[in-house]
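Examination of the molecular architecture
Listed below, chain by chain, are the residues.
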Amino acid sequence: MTTLAELRRGGKPALARALAAVEAGGAAALLDAALQDPRGIALGLTGPPGVGKSTLTGALIPRLRARGLSVAVIAVDPSSRRSGGALLGDRTRIRHDPEDAGVFIRSMAARDQLGGVAEATYPALVLMRATHDVVIVETVGVGQSETEIADLADRVVLLAEPGAGDALQFMKAGIVETPDLVLVTKADRGPAARATAAEMRRALALSARGAVPVAEVSAATGAGLEALDPLLAPDPALAGRRLVQAEAWMRARIRADFGRFGLAAAGPRLVARPGAVFSGLASVARSLQTLLADWSARG
Ligand SMILES: Nc1nc2c(ncn2[C@@H]2O[C@H](COP(=O)(O)OP(=O)(O)O)[C@@H](O)[C@H]2O)c(=O)[nH]1
Ligand SMILES: [Mg+2]
């Protein structure tokens with residue numbers, strides 16, 4: 001059983017082993033320690049396929065490394081459950097130096113997850129946030145994943161493509177309510193980025209979240225990337241947000257495995273206590289399992 005100190009000392013191989021243990025449903029004590037002692041900020045990047053999420057991630061990595069920050073990336077593979085194929089060959093799209101000990105990149109398939117993006121991503125994010133200064137989670141903006149990412153990440157960045165008319169789509173889907181920052185990508189391609197940024201500002205002004213900043217960026221030239229800097233600053237308010245997310249996670253897991261009945265039966269035990277989120281969840285799940293076994297034994 002690995003401790004958090006061992007995980008931090010052990011580099012990429014230790015993190016890979018811990019992630020495997022987590023994916024097998026274990027390592028609750030390690031996850032609790034990691035959740036309680038975050039080292040960095042988890043940044044969610046979301047937006048439609050092709051908007052430039054992976055390219056932006058690839059441009060951010062050297063910028064963060066130059067400041068001495070370590071970076072972990074979770075690229076949620078957008079393969080649809082129906083087709084089963086990987087869209088755009090996303091796995092290979094993030095440019096980085098594989099020899100760099102300060103960069104860790106992990107792809108995860110969304111398609112096998114009953115609970116959506118969150119099921120495998122959240123515990124992985126918790127581990128990586130305890131070992132790296134910046135965790136970037138790239139999720140494709142289809143269905144509800146834009147709002148799901150807000151349940152996992154510390155900060156959410158919504159990417160919009162110049163001239164794609166995304167503003168109206170985002171408004172309709174309620175997506176403009178979730179981001180901390182909107183970035184219009186590919187600003188090097190000409191004036192369309194400026195027009196789209198203006199359109200996004202108008203859309204955001206109508207939403208409940210009027211103060212969301214909008215910036216234009218080019219991952220190709222690096223222009224505008226500094227717009228992300230404020231999101232990476234430490235913020236004491238994140239502790240409260242993380243505990244709320246942890247509790248939402250506990251409830252989502254119990255609901256996925258035991259349904260509404262399980263939620264009701266668990267009752268007040270589904271409270272996120274600092275230091276006992278993942279172990280608390282495991283213990284609630286065990287007692288629900290016992291309850292179900294008792295009932296079926298009685299016929
Ligand atoms: N000109 C230009 N093209 C870009 C930029 N960022 C991404 N692209 C291109 O847009 C396409 C999709 O980018 P990708 O990062 O894979 O998008 P994702 O699906 O959101 O991850 C690729 O062909 C990129 O080369 C940019 O800043 N400028
Ligand atoms: Mg991508």
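Heads up: the structure comes first, above all this text.
In short, a report on the structure.

A few words on helix 4 (residues 53–66). Given a rise of 1.5 Å per residue, 14 residues ought to cover 20 Å, and the 20 Å separating the end C-alpha atoms of helix 4 matches this to within 8%. When helix 4 is considered as a whole, its buried residues turn out to be Lys-53, Ser-54, Leu-56, Thr-57, Gly-58, Ala-59, Leu-60, Ile-61 and Leu-64. Buried-residue contacts for helix 4 involve strand 1 (41–47), strand 2 (71–77), strand 3 (103–109), strand 4 (134–140), strand 5 (155–160) and strand 6 (181–184). At the exit of helix 4 stands Gly-68, carrying a positive phi of roughly 80 degrees.

This part takes up the side chain of Lys-53. Inspection of the secondary structure puts Lys-53 in helix 4. No salt bridge is formed by the buried Lys-53. Its closest oppositely charged neighbour is Glu-138, at 4.7 Å. In this structure the side chain of Lys-53 is engaged in a polar contact, spanning 3.0 Å, whose partner is the backbone oxygen of Gly-47. Discounting residues that sit within four places of it in the chain, Lys-53 has contacts with Leu-45, Thr-46, Gly-47, Pro-48, Glu-138, Thr-139, Val-140 and Leu-159.

To continue, consider the sheet that holds strand 2. One open sheet holds the seven strands; their spatial order is 3-2-4-1-5-6-7, and the pairing between them is parallel. One side of each edge strand has no neighbouring strand; the edge strands of this open sheet are strand 3 and strand 7 (214–216). Recorded for the sheet is a direction-independent mean angle of 20 degrees between the axes of neighbouring strands. Relative to strand 4, strand 2 is paired through five bridges, and the arrangement is parallel. Across the sheet, the residue bridging to Ala-72 is Val-135, located in strand 4.

Analysis parameters
Residues numbered from 1 in each chain as written. Chains lettered and ligands numbered in written order. Predicted model: local features only at pLDDT ≥ 70, side-chain atom pairs only at ≥ 80, totals over all residues. Heavy atoms only, no water. Helix = DSSP H or I, 4+ residues; strand = E, 2+ residues; numbered from the N terminus. Expected span 1.5 Å × (residues − 1). Buried < 20%, exposed > 50% of the residue type's maximum accessible area, 1.4 Å probe, protein only. Contact = heavy atoms within 4.5 Å. Lys, Arg positive; Asp, Glu negative; His and termini not counted. Salt bridge = Lys/Arg side-chain N within 4 Å of Asp/Glu carboxyl O. Polar contact = N/O pair within 3.5 Å; in protein donor to acceptor, adjacent residues only side chain to side chain. Pairing = 2+ DSSP bridges. Axes fitted to C-alpha atoms, helices over the stretch in contact; angles between N-to-C directions.

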